Amino acid sequence: MSFDLIVRNATLPDGRTGQDIACTAGRIAAIEPRIEAQAAREIEAGGQLVSPPFVDCHFHMDATLSLGLPRMNVSGTLLEGIALWGELKPLLTHEAVIERALRYCDLAVSQGLLAIRSHVDICDDRLLAVEALKEVQAKVRPYLDLQLVAFPQDGYYRSPTAAANLARALDMGVEVVGGIPHFERTMADGAASVRALCEIAAERGLLVDMHCDETDDPLSRHVETLAFETQRLGLQGRVAGSHLTSMHSMDNYYVSKLMPLMVEAGVAAIANPLINICIQGRHDSYPKRRGMTRVAELRDMGIPVAFGHDCVMDPWYSLGQADMLEVASMAVHVGHLTSREAMRASFEAVTTVPAAILGLADYGLAPGCHSDMVILQAADPIEAIRMKPVRLAVIRRGRVIAETMPKVTALRLDGRPDMVDPAAYAPREGAATPS
Ligand code: FE2
C-alpha cells in the first residue's frame, strides 16, 4: 500500500502520542501507531503536536491591513472605529480590497489558519467589498475556506439602503446573514432588526451570525431576542451571537435566565478576546471592565464557545498577526481560563468549535476527513497556547502549503546548555513530589 503522504510520530490534540497519519487523494486514510507503508512524501513530526487547521469564525477581511487609512483611531472606541471606517469606505477600490485580503490570506496560511468567516460591510451602495471578497473567496478556495457574512455595519434600519443592499449581497452568494442591533437607533429598532434578519435567513435557508450587544451596557438585551427568534423560526444550530460583551456587565440573575434560553435555542457564542479587551471598558475610569463575554459560564451550560480574531491592523485594532493561538492566549488571560481543562477547551475554541459553527464538512483528524493539518513546534495544546509556536508545516488536502524553520536559539553562556529547550519547562502532571 502506498500513500501520498504520511506524517509520522504525531501527538494529537486529544493526547494520543506516537501516531502516524496516512493521507491519500486529499483525505486521511488512517491514523495508527507505526503504519507499515510507503508514501510519496513522509514527514517526521518528532512527537510534536499535529492539529487540524485553525479556524477563525469572526473576522473583517474588507477592513484588514488598512491601518492608518485615512487616519488612526485616537479614542480606541468602537464608535470612532465605525466612524473612521465610514471615512475610508468611499475611498476603497476593488483592487486595493483584493490586494489587502490576499496578503492577509497569505499570512493566515503561514499560521495554519485555513478557514475564516469574514463579515463584509454591505452599507456601501457599490457593494464593492462584496464583489472583491467574492473574487478573493474563489481565488483562495484551493487552500483556504472563506465564508462571507452580509454585515450591515451602519445599521440595518439606521442605514437607508442597508435592507436592499443586504438582499443584493445575499443574491450574489454571500452565505450568512449578519446584523448589528446595538448600533440601531433604539433598543426597539435593534430587536426589530434581529427579527427581520432572522426571518430572511429562515426564508433563504442561511446561517446567522450577528454582532450582538457589543457594548458595556448591562441592559443591552439583543442576545435574548436572538435566542427567541432562533427558536421561533426553527433556526436551532444555525445561529451564532458574536461578541456578547454586554453579558460581562449584566446582572447575574438576568444571566441565569438568559443562558438557558440560549441553550434551548442552540445559539453559539463567539468571543473576540483581543478586540473585546481593547475596545470595551473605554468609558470606564476604574475599575475598567474587561468586556469579554462569560466564556466559562457559557461553556459550563454546554453552549459552544469559539474565539475570533475580529480585526488585524484596521480602524478598530492596530495589532495582530493572524495567530489564533494569540487569540486563545488572550482569552485564557482575560477570562481566568487557566485550569488545564479550560486551556484545552480554549484550543478547541480556535479549531473544532468554530469549524462546527462554520459548518465545515469533513474537518478534523480522523479517517475520511480532509487531510488538512498543522504541525506545531509544541508538545500539546496547552504548550501551544503558552508558546504560540512556529507552524513547522501547514498541510492542505495532503499537500504541504507552508513550511517554517523551527525556532532554535543558541545560548552563549559559560557553564549553561548550548540551547534553550522549551520542553524543559513542561509540567509533569500528577507528579508526586514537586522539584
Ligand atoms: Fe466584528
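None of the values given here were measured: they were computed from a predicted structure. (Residues numbered from 1 in each chain as written. Predicted model: local features only at pLDDT ≥ 70, side-chain atom pairs only at ≥ 80, totals over all residues. Heavy atoms only, no water.)

## Quick notes on the sheet that holds strand 16 (residues 399-403)
Next up, step 1: Read from one edge to the other, the open sheet built from 4 strands follows the order 5-14-15-16, with strand pairing classed as antiparallel. Each edge of the open sheet is held by one strand with a lone partner, namely strand 5 (50-51) and strand 16.
Next up, step 2: Summarising the sheet, strand 15 (residues 391-396) and strand 16 pair through 4 bridges and their orientation is antiparallel. Counterpart to Arg396 in the pairing with strand 16 is Arg399. (Pairing = 2+ DSSP bridges. Helix = DSSP H or I, 4+ residues; strand = E, 2+ residues; numbered from the N terminus.)

## Describing the coordination of the iron ion
Next up, step 1: The protein atoms that coordinate the iron ion are His58 (NE2), His60 (NE2), His211 (NE2) and Asp310 (OD), at distances spanning 2.1 to 2.5 Å.
Next up, step 2: Given 4 donor atoms and angles of 85 to 178 degrees at the metal, the environment of the iron ion is assigned as irregular. (Donors = N, O, S within 2.8 Å, 3.2 Å for Na, K, Ca; no water. Tetrahedral: all angles 85-135°; square planar, octahedral: opposite > 155°, others 65-115°.)

## Re the domain arrangement of the protein chain
How large an interface is tends to be reported as the accessible area lost when its parts come together.
Next up, step 1: Per the domain assignment, the segments making up the protein chain are domain 1 (2-52 + 364-409) and domain 2 (54-358).
Next up, step 2: Between domain 1 and domain 2, the C-alpha centre-to-centre distance is 30 Å.
Next up, step 3: Listed by partner, the interface residues are 18 residues for domain 1 and 24 residues for domain 2.
Next up, step 4: Three residues, Ile382, Ile385 and Arg396, lead the burial of domain 1 against domain 2; their summed loss comes to 40% of the area buried on that side.
Next up, step 5: Our count for the contact surface shared by domain 1 and domain 2 stands at 2 salt bridges.
Next up, step 6: Here Arg391 and Asp323 are joined by a salt bridge, their closest N and O atoms 2.5 Å apart.
Next up, step 7: Viewed at the interface, domain 2 and domain 1 are joined by 6 residue pairs in polar contact (both at pLDDT 80 or more). (Domains from an automatic or database assignment. Contact = heavy atoms within 4.5 Å. Buried area = accessible area lost by both parts, 1.4 Å probe. Salt bridge = Lys/Arg side-chain N within 4 Å of Asp/Glu carboxyl O. Polar contact = N/O pair within 3.5 Å; in protein donor to acceptor, adjacent residues only side chain to side chain.)

## A look at the sheet that holds strand 4 (residues 38-44)
Remark on secondary structure: sheet strands pair via backbone hydrogen bonds, oriented parallel or antiparallel.
Next up, step 1: Across the sheet, 4 strands lie side by side as 3-2-1-4; this open sheet has mixed pairing. The strands lining the two open edges of the sheet, one partner per strand, are strand 3 (27-33) and strand 4. This sheet shows a mean twist of 20 degrees between the axes of neighbouring strands, independent of strand direction.
Next up, step 2: Pairing of strand 1 (residues 2-10) with strand 2 (residues 19-24), which is carried by 4 bridges, proceeds in the antiparallel orientation. Bridging across to strand 2, Leu5 finds its partner in Cys23. (Axes fitted to C-alpha atoms, helices over the stretch in contact; angles between N-to-C directions.)

## Describing the environment of Ile82
Next up, step 1: Secondary-structure assignment places Ile82 in helix 1 (residues 78-88).
Next up, step 2: Residues Ile82 and Trp316, 234 residues apart in the sequence, show an inter-C-alpha distance of 7.9 Å.
Next up, step 3: Not counting chain neighbours up to four residues away, the residues in contact with Ile82 comprise Gln153, Asp154, Phe183 and Trp316.

## Focus: the pairing of strand 2
Next up, step 1: Of all the 6 residues making up strand 2, 5 are buried; the element is thus mostly covered by neighbouring parts of the structure.
Next up, step 2: With 6 bridges connecting them, strand 2 and strand 3 associate as antiparallel partners. The residue of strand 3 that forms the bridge with Gln19 is Pro33.
Next up, step 3: Between strand 2 and strand 3, which follow one another and run antiparallel, lie 2 residues, and Ala25 among them has a positive phi close to 50 degrees. (Buried < 20%, exposed > 50% of the residue type's maximum accessible area, 1.4 Å probe, protein only.)

## Section: unusual backbone geometry
Next up, step 1: Leu69 connects to Pro70 through a cis peptide bond whose omega is -10 degrees.
Next up, step 2: Following the sequence through the fold, Pro70 ends up in the loop between strand 6 (54-59) and helix 1.
Next up, step 3: The omega torsion of the bond from Tyr286 to Pro287 falls at -5 degrees, within 30 degrees of zero and hence cis.
Next up, step 4: Looking at the secondary structure, you find Pro287 in the loop between helix 9 (273-279) and helix 10 (295-300).
Next up, step 5: Look at Asp310: it is not a glycine, yet its phi comes out positive at around 75 degrees.
Next up, step 6: Along the polypeptide, Asp310 turns up in the loop between strand 13 (305-307) and helix 11 (324-334).
Next up, step 7: Given the relative accessible area of 3%, Asp310 is considered buried.

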